[in-house]
Amino acid sequence: MTALFDYLLGLGDDALVAAQRTAEWCARAPQLEEEVALANIALDQLGQARAFLTYAGELEGAGRDEDALAFLRDEHEFRNVQLVELPNGDFATTVAKTLLLSAYQNLLYTRLSRAAEPQLAGIAAKAAKESAFHVSYASVWTVRLGDGTPLSHRRMRDAVEEVWPYTHELFEPWAAPEAGLDPAALRGPWLEVVDRVLGEATLARPRDGWAATGGREGRHTEWFGPLLAEMQYVHRAHVGARW
Amino acid sequence: MSISAFDALIAGDQKIEYKDWMPDGYRESLIRQIAQHAHSEIMGMQPEAAWISRAPSLARKAVLIAKVQDEAGHGLYLYAVAETLGARREDLLDALHEGRQKYLSFINYPTLTWADVGALAWLTDGAAVVNQVSLCRTSYGPYARALVRICREESFHHRQGFDLLYTLSQGTPAQRRSLQEAVERWWQPALAMFGPPDSLSTHSASSMAWRIKRATNDELRQRFVDLCVPQAEALGVRLPDPALRWNPERGHHDFTPPDYDELMRVVAGHGPRNKQRLAHRRRAHEEGAWVREAAAAHAAKEAAKQAAAREIDAQEAIAQEVDAVEEEWPLWEVFVRPRRGVGHTHAGSLRAPDAALALHSARDLYTRREEGVSLWVVPSRSMTSSDPEHKDAYFAPAADKQYRHASFFPPPEGVEGL
């Protein structure tokens, strides 16, 4: 039960922090059509976060709902990978983060949709469909930026290089028995997806080197504190208020 | 079509459609009004988007993202309508960025607290709904259809704003205080949204005659005040107007009109946030230029590859494609199948560098409220339409051939199965 609670927090926190970052694009996207698209992705991610966190709270049975878990935990209590904390950077960096995260999430959610634990499987089945679209969106843009102008090629290449060290954490051993899967097993199929997109985008896969780690144990980047401070302060300034 | 045919359509409360002949003044008034409406949608994203990261619950965060997203979508619907009148989105955006075209003045006020997010939605979206419900009957067909869709979505914006405030009204003393203060800040800007009084409005008379507008500024403002008073009571807030009271003789509330000098100052660029809002918008557009150029360059490469495969002159294909995307992505028409068993119907248009992105955008823009199960996108330049000039030659001859319809042959009484 504790392992599953922790696992749900990890799934929920990945989605929540990703949503918070994606939504930072609202009113500043490179084109109106991308305003609509990025907001859709943020809404999907936020919806996934709410489902996982709500379920985590129910399992825990201590009266914590999605908001208590999102707004009243401190930095070290969050279980998300560091990848989702990274600042948005330019559009290429956001596309790279979205591609590398959603390709993983899509594989993970698809596996989890067959988990024996029915509620986890139900949430994952819905999330798998959403993440499939995110992969498609991010792939299309990776290709257009990678195989666009010399400037966009350079920015897309730099973006993938910058984000790459943060992807290893996705495949570290970490799962509840109920999930019935080993994250390391996802890396092969993930690389297949990523290699195909990078190839079409005329980009090389970065070499593996330094790898970020620690998010699942509550060790985060310097960027994470300010993100949480901004997200949580109104809620925390009014103890016990309803919104 | 001629001026008399145009006048007859207007007099008969018929719609003017894409490519119909229209007086220059009608076209210009429409473009001005639609552009201002579209600019207001995209500029209006800013004061609310500023609060997405700080929304105090996840449910409210989702609602706010969806609302700001709708505003981008409404901007897109409206720019597409302006394009049917021969305006180009790029030119309209330039006019906005250079300050030659305006947007609604309330956007230049700051959202200082979470309660401002609710007050802005309750009051300014409420005012927009009053305005736009009236505009749904506008004489230009594509604008009227876009407005029907927009109104349906804006009523959610308005309602969620009230809901946000109602929750605050049931909350802590600090929450109730912030509610009262926010409503005080947004009341005047909302009243000013209906524009100058009829006696001072420069465009009202011709817009009314052409049935672009269907009610005057003052009529709509009165309707809005009458709607707000009972809602304010439900929220337990005081509207900041000592003169506000029910007038049984008029059957309306008396109220203090907004300060038009202030309205004119803010419209002229001298409001609290004009400079920042416009600078933010310009920066987003400029910082996005390399992305738009990359997509266009990629589309040109793909077109060249396809041309090479088909052994057409690749240079010519690239030239065409580059021409098309040089300043702006090309226009696509979107068709949605609402559910299995019925045909695809035209939903609107959008801009995209290529078919894959056009499909993505169409999905996000035209089916985000479960409107469809299948999509077609077609480059607008590939569509051929019948000429309105040939309407009679094409369609009138069918009118006297009633014998094509079964109803022309009433069966004798008692005979069944025909």
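What counts, and where the lines are drawn
Residues numbered from 1 in each chain as written. Chains lettered and ligands numbered in written order. Predicted model: local features only at pLDDT ≥ 70, side-chain atom pairs only at ≥ 80, totals over all residues. Heavy atoms only, no water. Helix = DSSP H or I, 4+ residues; strand = E, 2+ residues; numbered from the N terminus. Rg over C-alpha atoms; globule rule 2.2 N^0.38 Å. Buried < 20%, exposed > 50% of the residue type's maximum accessible area, 1.4 Å probe, protein only. Contact = heavy atoms within 4.5 Å. Areas by Shrake-Rupley, 256 points an atom, 1.4 Å probe, with all protein chains shown as cover. Lys, Arg positive; Asp, Glu negative; His and termini not counted. Charge placed at Lys NZ, Arg CZ, Asp CG, Glu CD. Phe/Tyr/Trp six-rings, centres within 6.5 Å; stacked < 30°, edge-to-face > 60°. Pairing = 2+ DSSP bridges. Axes fitted to C-alpha atoms, helices over the stretch in contact; angles between N-to-C directions. Expected span 1.5 Å × (residues − 1). Core = buried A, V, L, I, M, F, W, Y, C linked by side-chain atoms within 4.5 Å.

As annotated in an unreviewed UniProt entry, chain A carries the name Phenylacetate-CoA oxygenase subunit PaaI and comes from Sphaerisporangium album.

S.K.: So what's going on with the overall build of chain A? Which residues, and what values?
M.R.: Helix and strand content of chain A: eight helices and zero strands. In sequence order, the secondary structure elements of chain A are arranged as α-α-α-α-α-α-α-α. On C-alpha atoms alone, chain A measures out to a radius of gyration of 17 Å, which is about the 18 Å that the 2.2 N^0.38 rule sets for 243 residues. Its C-alpha atoms put chain A at 55 × 40 × 30 Å along the principal axes. Relative to its full complement of 243 residues, chain A shows a buried share of 64%. For chain A, contacts bridging at least 24 residues in sequence account for 80% of all contacts bridging at least 6. On chain A, roughly 9,000 Å² of surface is accessible, and the fraction owed to carbon and sulfur atoms is 53%. Charge-centre separation for chain A: the mean point of 23 positive side chains lies 3 Å from the mean point of 35 negative side chains.

S.K.: Provide a residue-level description of the packing of aromatic side chains, including the pertinent values.
M.R.: All names here are of chain B. By the definition in use, this model includes 25 aromatic pairs over all chains. Relative to Trp186, the ring of Tyr109 lies with its centre 6.4 Å away and its plane at 70°, an arrangement referred to as edge-to-face. Of this pair, Tyr109 sits in the loop between helix 5 (89-97) and helix 6 (114-135) while Trp186 sits in helix 8 (residues 173-192); the two residues are 77 residues apart in sequence, bridging distant segments of the chain. Take Tyr109 and Trp186: they sit in the same class, and that class is buried. Ring plane angle 55° and centroid distance 5.6 Å describe the contact between Tyr394 and Phe395, whose orientation is recorded as tilted.

S.K.: Give a description of the pairing of strand 3 (residues 331-337) of chain B that names residues and reports values.
M.R.: Residues and elements named next belong to chain B. Buried residues dominate strand 3, accounting for five of its seven residues. Two elements, strand 3 and strand 4 (residues 345-351), share six bridges in a ladder whose sense is antiparallel. From the neighbouring strand, Glu333 faces strand 4, where its bridge partner is Ser349. When strand 3 meets strand 5 (residues 374-379), the two strands line up antiparallel, connected through six bridges. Bridge pairing in strand 5 places Arg337 opposite Ser374.

S.K.: Any details on the sheet that holds strand 3 of chain B? Residues and values, ideally.
M.R.: All names here are of chain B. If you walk across this open sheet you meet the three strands as 4-3-5, and the pairing is antiparallel. Of all the strands in the sheet, just strand 4 and strand 5 have a single pairing partner and so form its edges. Sheet twist, expressed as the average angle between the axes of neighbouring strands with direction ignored, equals 30°.

S.K.: Help me get a handle on helix 2 (residues 24-43) of chain B, residues and values and all.
M.R.: Along its 20 residues, helix 2 of chain B runs 28 Å from first to last C-alpha, staying within 8% of the 28 Å computed at 1.5 Å per residue. Burial within helix 2 of chain B is extensive, with 14 of its 20 residues counted as buried.

S.K.: So what's going on with the nonpolar core? Which residues, and what values?
M.R.: Formed by 193 residues in total, the largest nonpolar core has its most connected members in A:Phe91, A:Trp141, A:Leu145, A:Trp190 and B:Phe224. By residue number, the principal contributor to this core is helix 2 (residues 32-60) of chain A, which donates 14 residues. The residues contacting A:Trp190, other than those within four sequence positions of it, are A:Leu100, A:Ala103, A:Tyr104, A:Leu107, A:Trp164, A:Thr167 and A:Phe171.

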